[in-house]
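Listed below are the residues making up each chain.
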Amino acid sequence: MEEKFNRLKDIIKKMGSLLIAYSGGVDSSFLLKAASDILGNRVVAVTAASPTYPLREIESAKEIAELLGVKHILITSNELDIPGFSSNPTNRCYFCKSELFQKLKEKASELGLKHVADGSNYDDTKDFRPGRDAARELGIRSPLIEAELTKAEIRALAKGLNLPNWDKPSFACLSSRFPYGTEITAMRLRQIENCENIIREMGFRQFRVRYHNEIARIEVGRDELKRFYNDKIMDYIIEGFKANGFVYITLDLEGYRTGSMNQPLLIGGESHAY
């Protein structure tokens with residue numbers, strides 16, 4: 001792990017200056033910390049505010065960037081305006097990342113920064129992530145992948161660097177809550193965001209609310225499943241979810257897992273991970 005961290009430092013040093021696509025999650029925060037320690041004021045963090053990105057995540061990103069003393073810029077993005085995005089095809093993330101990375105390249109050029117990087121980690125190469133195609137096409141660097149750092153290693157290193165979000169649960173944009181082919185709208189995004197806030201209020205840590213028309217499918221960590229078998233918790237969630245338009249509320253017995261919406265792509269044994 002330390003060898004990989006030293007490799008990351010060398011990669012960053014050779015970049016010279018850097019704009020980081022910054023979400024406020026542990027991966028991009030760790031990359032930002034490492035880069036700022038090496039490059040100082042030649043590093044800028046940029047976060048895109050959009051309908052698929054909850055306000056609480058933006059506020060969290062601002063807090064971490066301020067703590068690190070790094071220049072942090074907010075830009076506006078609206079994926080719903082991108083042709084082809086709202087229909088939610090299997091390569092939906094490609095459309096989103098293409099627009100975002102193009103904006104970041106323009107911002108980097110404006111600021112005189114040589115490179116744009118994202119916080120993708122080595123584990124991401126094993127999942128279905130069309131956004132990686134956009135990154136390659138536009139020359140976006142992924143230093144954590146280049147250094148072959150996994151999520152677990154990044155969390156351990158982030159903890160050692162005293163990053164307060166080292167154990168923050170994984171988060172993906174709200175559009176990942178919809179099955180491919182299901183239209184994504186601003187109203188449905190808010191519906192999901194409101195319901196996930198309800199789960200968070202109940203003290204659950206790692207979770208997702210998946211949208212299936214009138215059905216909400218709740219995923220929580222396997223270690224938290226038993227907490228659902230409580231009348232007060234179930235009644236509170238049922239009432240809140242129905243107030244937000246769902247008719248049926250279900251709990252997924254497999255629990256939370258990343259990329260659960262990609263499972264239909266693997267039917268028949270065909271692997272789409274890269």
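Going by the structure above, here's the rest.
Residues numbered from 1 in each chain as written. Predicted model: local features only at pLDDT ≥ 70, side-chain atom pairs only at ≥ 80, totals over all residues. Heavy atoms only, no water.

**Q** Lay out the overall build of the protein chain in plain terms, naming residues and giving numbers.
**A** Within the protein chain, the regular secondary structure consists of nine helices and seven strands. The C-alpha radius of gyration of the protein chain comes to 19 Å, within 12% of the 19 Å expected for a compact globule of 274 residues. Taken along the three principal axes of its C-alpha coordinates, the protein chain extends 55 × 40 × 40 Å. Long-range pairs, those at least 24 residues apart, make up 73% of the contacts in the protein chain between residues at least 6 apart in sequence. For the protein chain, the exposed area adds up to about 13,000 Å²; of that, 51% sits on carbon and sulfur atoms. Side-chain charges in the protein chain split into 39 positive and 38 negative, and the spacing between the mean points of these groups amounts to 3 Å. (Helix = DSSP H or I, 4+ residues; strand = E, 2+ residues; numbered from the N terminus. Rg over C-alpha atoms; globule rule 2.2 N^0.38 Å. Contact = heavy atoms within 4.5 Å. Areas by Shrake-Rupley, 256 points an atom, 1.4 Å probe, with all protein chains shown as cover. Lys, Arg positive; Asp, Glu negative; His and termini not counted. Charge placed at Lys NZ, Arg CZ, Asp CG, Glu CD.)

**Q** Any details on the sheet that holds strand 1 (residues 18-21)? Residues and values, ideally.
**A** Taking strand neighbours across the sheet as the criterion, the four strands line up as 3-2-1-4 in an open arrangement whose pairing is parallel. In this open sheet, the two edge strands, each paired with only one partner strand, are strand 3 (71-76) and strand 4 (115-117). Within the sheet, the average angular offset between the axes of one strand and its neighbour, ignoring direction, is 25 degrees. When strand 1 meets strand 2 (residues 43-49), the two strands line up parallel, connected through four bridges. Its bridge partner being in strand 2, I20 is matched across the sheet by A45. (Pairing = 2+ DSSP bridges. Axes fitted to C-alpha atoms, helices over the stretch in contact; angles between N-to-C directions.)

**Q** Outline helix 2 (residues 26-39), listing residues and values.
**A** Here helix 2 spans 19 Å end to end across 14 residues, near enough to the 20 Å set by a 1.5 Å rise per residue. Counting buried positions over the 14 residues of helix 2 gives 12, a clear majority of the element. In the stretch just after helix 2, G40 is the one whose phi turns positive, near 60 degrees. (Expected span 1.5 Å × (residues − 1). Buried < 20%, exposed > 50% of the residue type's maximum accessible area, 1.4 Å probe, protein only.)

**Q** So what's going on with the side chain of S120? Residues and values would help.
**A** Structurally, the position occupied by S120 is in the loop between strand 4 and helix 5 (131-137). The class for S120 is buried, based on a relative accessible area of 13%. In terms of polar contacts, S120 uses its side chain to reach the side chain of D118, at 3.0 Å. When sequence neighbours within four positions are dropped, the list of residues in contact with S120 reads R132, S142, L144 and I145. (Polar contact = N/O pair within 3.5 Å; in protein donor to acceptor, adjacent residues only side chain to side chain.)

**Q** Break down the packing of helix 1 (residues 2-15) against helix 2 for me, citing the residues and quoting the values.
**A** Put simply, helix 1 and helix 2 touch, their axes get as near as 10 Å, and they point 60 degrees apart. As the angle between them shows, helix 1 and helix 2 are arranged oblique. The handedness of the crossing between helix 1 and helix 2 is right-handed. Each of F5, L8, K9, I12 and K13 in helix 1 lies in contact with helix 2, whose residues at this interface are F30, L31, A34, A35, I38 and L39. Within the contact of helix 1 with helix 2, the residues separate by chemical class into nine nonpolar, no polar and two charged. (Parallel < 35°, antiparallel > 145°, perpendicular 65-115°, else oblique. Left-handed = near helix turned anticlockwise from the far one by under 90°. Nonpolar A, V, L, I, M, F, W, Y, C, P; charged D, E, K, R; others polar.)

**Q** Give me the lowdown on unusual backbone geometry, citing residues and values where you can.
**A** One non-glycine residue, N88, lies in the positive phi region at around 60 degrees. A relative accessible area of 0% means that N88 is categorised as buried. Phi is positive for E148, close to 60 degrees, though the residue is something other than glycine.

**Q** I'd like to hear about the sheet that holds strand 7 (residues 248-251), residue by residue, with values.
**A** Sheet architecture is open: three strands sit in the order 5-6-7, paired in mixed fashion. The sheet terminates laterally at strand 5 (207-212) and strand 7, the two strands that pair on one side only. On average, adjacent strands in this sheet sit at an angle of 20 degrees to one another, irrespective of strand direction. Bridging between strand 5 and strand 6 (residues 215-220) involves six bridges; their strand directions are antiparallel. For V209, the partnering residue across the bridge sits in strand 6 and is I218. Its contacts with the sheet put helix 8 (residues 186-201) on strand 5 and strand 6, and the angle it makes with strand 5 is roughly 145 degrees. Its contacts with the sheet put helix 9 (residues 231-243) on strand 5, strand 6 and strand 7, and the angle it makes with strand 7 is roughly 135 degrees.

**Q** Describe the pattern of salt bridges, and please don't skip the residues or the numbers.
**A** One pass over the structure, following the stated rule, counts 22 salt bridges. Two residues, D10 and K14, come together in a salt bridge whose shortest N-O distance is 3.3 Å. Remark: K14 and D10 occur in helix 1; sequence separation between them is four residues, near one turn of the helix. Measuring nitrogen to oxygen at the nearest pair gives 3.6 Å for the salt bridge that ties R205 to D167. Residue R205 is located in the loop between helix 8 and strand 5, and its partner D167 is located in the loop between helix 7 (151-160) and helix 8; the two are separated by 38 residues in the primary sequence. For R205, a relative accessible area of 44% corresponds to the partly exposed category. Taken together, the shared-partner salt bridges connect R210, R217, E219, D252, E254 and R257 into one network. (Salt bridge = Lys/Arg side-chain N within 4 Å of Asp/Glu carboxyl O.)

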